[in-house]
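Read off the chains here:
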Amino acid sequence: MGWNRAGYVVAPLAAVLVAYLNSFPGVFQLDDYNVIVFNPSVQSWSAFWQDCFHGIRPLLKFTYTLCQTSRTGVFGFHAFNLAVHLVNVFLVFNLTISFLRGRPGTVPERAIHPAAALAALLFGLHPIGTEAVTYISGRSASLMTMFYLASLALYVKGGRERKAVLLYVLSPLMFVFAVATKETGITLPLALALWEVSAGEGRGVRAALRSQSVHWTVFACLVGAVLAHPRYRIFLLYSLDLRGFQENLLGQITGVGELLSHLILPGRLNMDPGSMSGAGWLIPQSIALLSLAAIGLAGLWKRISWLSFGVGWFFLHTMVVNLLVPRIDSVSDRHFYQAGWGICLAASIAVTWLVVRLRGGVRAFPVFALCLAIVLGSYTVARNRVYHSEIALWEDTVVKSPRNPRAFNNLGYAYYLEGRKEE
């Protein structure tokens, strides 16, 4: 379609960089105070090493300490978050190409790079990602995703090029880094299995399991380490005591359905939608999620691998861990971040397939991508402004969650800190 590979990857990266330039005036918000500002274990390297093996998420805390000791203030935290996000956009581009080349005929050969650029653009520019990028402690989602996608990319490359060091050393190492950043990275072996089923090289089950042998060994060791760690064990027992399985299932269905509405209607983005447990089955969010599941099953039945993979990736990263280990809140926008690639992949393939079949569609593709970038980028710029002050963030939240007492409490405290005691 007229550009080389470099042009297709540089364009979404440049668009993302421009859209997030106004994230730098953002201030510390909500959990930032607990995990960074008032957390003694990230204020110096000596404090970090003293707490390293006693606390949880050591690699995440390492990056907090790195930014805190760099003396660059909040600017350094935002620069790090944006750099991680740009790396993830690059990884999404390359993994989309790998997926499409593993399934020849999904889109025409000349459309592979445009489809990958579109997936990267959707992933990188959709405003639902702002909570994982602009909200500083949202880094837990974006940084874990970076190591997770890097592990998958190394696994794919190592398998195709038969490079043992990539397959059995570097990919498992990235897996360890992902879990050391956030526990939900533990699902990686399941993602590898999903990849083999949907986009593998036609290897048999035995060959695929042999390629994943180190990952599954690491998985078993990590599960054991998490269960043996006192802090993780307390966290796990607390989570399991939050609610029963049926109540948690309904809450997750409603919450993830709400995430889908944020994807389609970015104006609904909400820092704190509150708990959604106890909701019913016949509500718009539940119907939307069940419809998506039906689409994924239809793709599996009709052997449309890109559709079943995209939906399967989404459900793997929004439902599996949270069903086993209940969360305090059913959902947050940053939890879409890792899951988002599946939806972006499926959407980009569907759009590319349609565009290249329209008369003049090949030439119109850059125009379509530019219009999409302007729309999504405008929403992202607007959403970034909400993080410029605590008052702006919580005023936005109480409008969208008028029955959430925590949002009103946080807004009241923000007014108090600004001397606006009457409000």
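Please refer to the structure placed before this passage.
The structure displayed is predicted, hence computed values, not measured ones.

Draft legend 1. Quick look at the overall build of the protein. If you tally the helices and strands in the protein, you get 20 helices and zero strands. Considering the protein as a whole, with its 423 residues, one finds that 54% of them fall into the buried category. For the protein, contacts bridging at least 24 residues in sequence account for 78% of all contacts bridging at least 6. Total accessible area on the protein is roughly 19100 Å²; 68% of this is exposed by carbon and sulfur atoms.

Draft legend 2. Layout of the environment of glycine 412. With respect to the helices and strands, the residue glycine 412 is situated in helix 20 (residues 405-417). Separated by 10 residues in sequence, glycine 412 and glutamate 422 place their C-alpha atoms 9.5 Å apart.

Draft legend 3. Molecular detail of the pattern of salt bridges. Enumeration according to the criterion identifies nine salt bridges in this entry. Here lysine 400 ties to aspartate 396 by a salt bridge, and the two come within 3.1 Å at their closest N and O atoms. Of this pair, lysine 400 and aspartate 396 both sit in helix 19 (residues 390-400), four residues apart, which is roughly one turn of that helix. For lysine 400, a relative accessible area of 30% gives the class partly exposed. One connected set of salt bridges, linked through shared partners, spans Lys157, Glu161 and Lys163.

Draft legend 4. Structural detail: the packing of aromatic side chains. Considering all chains together, one arrives at 21 aromatic pairs under this definition. Centroid distance tyrosine 148 to tryptophan 313: 6.0 Å. Interplanar angle 85°. Geometry classified as edge-to-face. One end of the pair, tyrosine 148, is in helix 8 (residues 139-161); the other, tryptophan 313, is in helix 16 (residues 305-324), and 165 residues separate them in sequence. Tryptophan 313 carries the same exposure label as tyrosine 148, and that label is buried. Taken together, the aromatic side chains of Phe99, Tyr148, Trp195, Phe309, Trp313 and Trp341 make up a single cluster linked through ring pairs.

Draft legend 5. Representation of the nonpolar core. Ranked by size, the top nonpolar core spans 84 residues in total, and within it Trp313 and Trp341 carry the most contacts. Apart from the residues within four sequence positions on either side, tryptophan 313 is in contact with Tyr148, Leu149, Leu152, Ala191, Leu194, Gln338, Ala339, Trp341 and Gly342. Grouped together as the second largest cluster of nonpolar side chains are 16 residues, Ile253, Leu259, Met319 and Ala339 included.

Draft legend 6. Expanded view of unusual backbone geometry. Positive phi values are uncommon outside glycine, yet arginine 57 reaches one of about 50°. When you line up the elements, arginine 57 lands in the loop between helix 3 (45-51) and helix 4 (58-69). Phi is positive for arginine 71, close to 60°, though the residue is something other than glycine. Topologically, arginine 71 is positioned in the loop between helix 4 and helix 5 (73-102). Exposure remark for arginine 71: the relative accessible area of 68% places this residue in the exposed category.

Calculation notes
Residues numbered from 1 in each chain as written. Predicted model: local features only at pLDDT ≥ 70, side-chain atom pairs only at ≥ 80, totals over all residues. Heavy atoms only, no water. Helix = DSSP H or I, 4+ residues; strand = E, 2+ residues; numbered from the N terminus. Buried < 20%, exposed > 50% of the residue type's maximum accessible area, 1.4 Å probe, protein only. Contact = heavy atoms within 4.5 Å. Areas by Shrake-Rupley, 256 points an atom, 1.4 Å probe, with all protein chains shown as cover. Salt bridge = Lys/Arg side-chain N within 4 Å of Asp/Glu carboxyl O. Phe/Tyr/Trp six-rings, centres within 6.5 Å; stacked < 30°, edge-to-face > 60°. Core = buried A, V, L, I, M, F, W, Y, C linked by side-chain atoms within 4.5 Å.

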